[in-house]
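# Coordinate analysis (summary)
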Amino acid sequence: MYEVFGTLSSRAFRVVWALEELELPYTLIDAKPHDSVISAVSASGKVPAVRVDGAVLTDSTAIMAYLADKHGSLLASAGTLERAHQDAMIHAIIDEIDAVLWAGARHSFVLPKEHRIPEVKDSLKWEFNRNVSRLADRITTPFAAGNAFTIADILLTHCLNWSISAKFDYESRKMQDYAKEMRARPAFQRVRALG
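Residue indices begin from 1 for each chain and proceed along its sequence in written order. Reporting of local features is limited, given that this is a predicted model, to residues whose pLDDT is at least 70; pairs of side-chain atoms are given and counted only at 80 or more, and all residues count toward the totals for whole chains, interfaces and linings. Working from all heavy atoms in the structure, the side-chain values ignore hydrogens and water.

## Observations concerning unusual backbone geometry
Cis geometry is adopted by the peptide bond preceding Pro48, which originates at Val47 and carries an omega value of 5°. Numbering goes from the N terminus for both helices and strands, where a helix is a DSSP run of H or I of at least four residues and a strand is a run of E of at least two. Position of Pro48 relative to the elements: it lies in the loop between helix H2 (36-39) and strand S3 (49-52). We note that Asp53 has phi near 50°; this positive angle belongs to a residue other than glycine. Summarising the element assignment, Asp53 is placed in the loop between S3 and strand S4 (55-58).

Below, the structure written as C-alpha cells:
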C-alpha cells in the first residue's frame, strides 16, 4: 500500500494517475504544501510525497519513475534506447513545459507579493505556446514517447491540464487532440472522479 501525500489539484495528481494505471492500492492523504501533514514526512514541505516501506519519496517524476521501474510498466527497460528516448522526452517536458508553468505560478501566488513580477507572465505564455508547438512536432508516435503509454504521457497531460487553469493557452491542434485522448483513459477518469 502506497501513501500519497498531496491534493489532486497539485502534482500529486500525476502520482495517483500512475498508481491507477498500474492498478496498485494507495491511500491519498490530504496535504497542502508546507502544512504540518507534509512537513511531518518531508523536510522540504513540498507535495507530492509517497511513503512506502517506511521510506519517503519526493518529486512527482521521480516517484512515477520508481513506480514504473518497480512494477515493470509505464517505462521501457533501463539501459535500452527506447528508455533513453523516453527519458529525453520526460526531461524536455519538465524543462520546456512544466518549468514555464511553474514560473508563472511563482509570479502569480507562490512568491511573496513583493517578489512577484506579474508582467513576466506575458513572456512566459508566449514561450509556453512556442514550446508546446515544438514538442508537438517531436511527437511522431501515438504517445508522447513511443508506441506505448508511459509516465511521459502522464506528465505532459497533467501540464496541459494545468495550463488551462493557469490561462496559458496553446494553439497546437495536434496537442489539443492528444490531451483529449489522454483524458479519456479510464485511469485518468477514475482519478478525476476522486476530486
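From this point on, the discussion continues.
## Observations regarding the sheet that holds S3
When DSSP finds at least two bridges between two strands, those strands are taken to pair. The strand order across the open sheet built from four strands is S2-S1-S3-S4, with neighbouring strands paired in mixed fashion. Of all strands in the sheet, those with a lone pairing partner are strand S2 (26-30) and S4, marking the two edges. The sheet shows a mean angle of 25° between the axes of neighbouring strands, taken without regard to direction. In terms of strand pairing, S3 meets S4 through four bridges, oriented antiparallel. By the bridge assignment for S4, Arg51 is matched with Val56. Any two residues having at least one pair of non-hydrogen atoms within 4.5 Å are treated as being in contact. Comment: axis = line fitted to C-alpha atoms, over the contacting stretch for helices; angle = value between 0 and 180 degrees taken between N-to-C directions. Lying over the sheet, helix H1 (residues 12-22) contacts strand S1 (2-6), S2 and S3, oriented at roughly 155° with respect to S1.

## As for the nonpolar core
Among the nonpolar cores identified, the biggest contains 57 residues, and Trp17, Ile93, Leu156 and Met175 are the most heavily contacted of them. Among all residues touching Trp17, those that are not within four sequence positions of it are Phe149, Asp153, Ile154, Thr157, Met182, Arg185, Ala187, Phe188 and Val191. Phe5, Ala31, Val47 and Ala49 belong to the second largest nonpolar core, which has five residues in total. What is meant by a nonpolar core is a set of buried Ala, Val, Leu, Ile, Met, Phe, Trp, Tyr and Cys residues, joined one to another through side-chain atoms within 4.5 Å. For each residue, the accessible area found with a 1.4 Å probe, counting protein chains only, is set against the maximum for its type, and the residue is called buried under 20%, exposed over 50%, and partly exposed in between.

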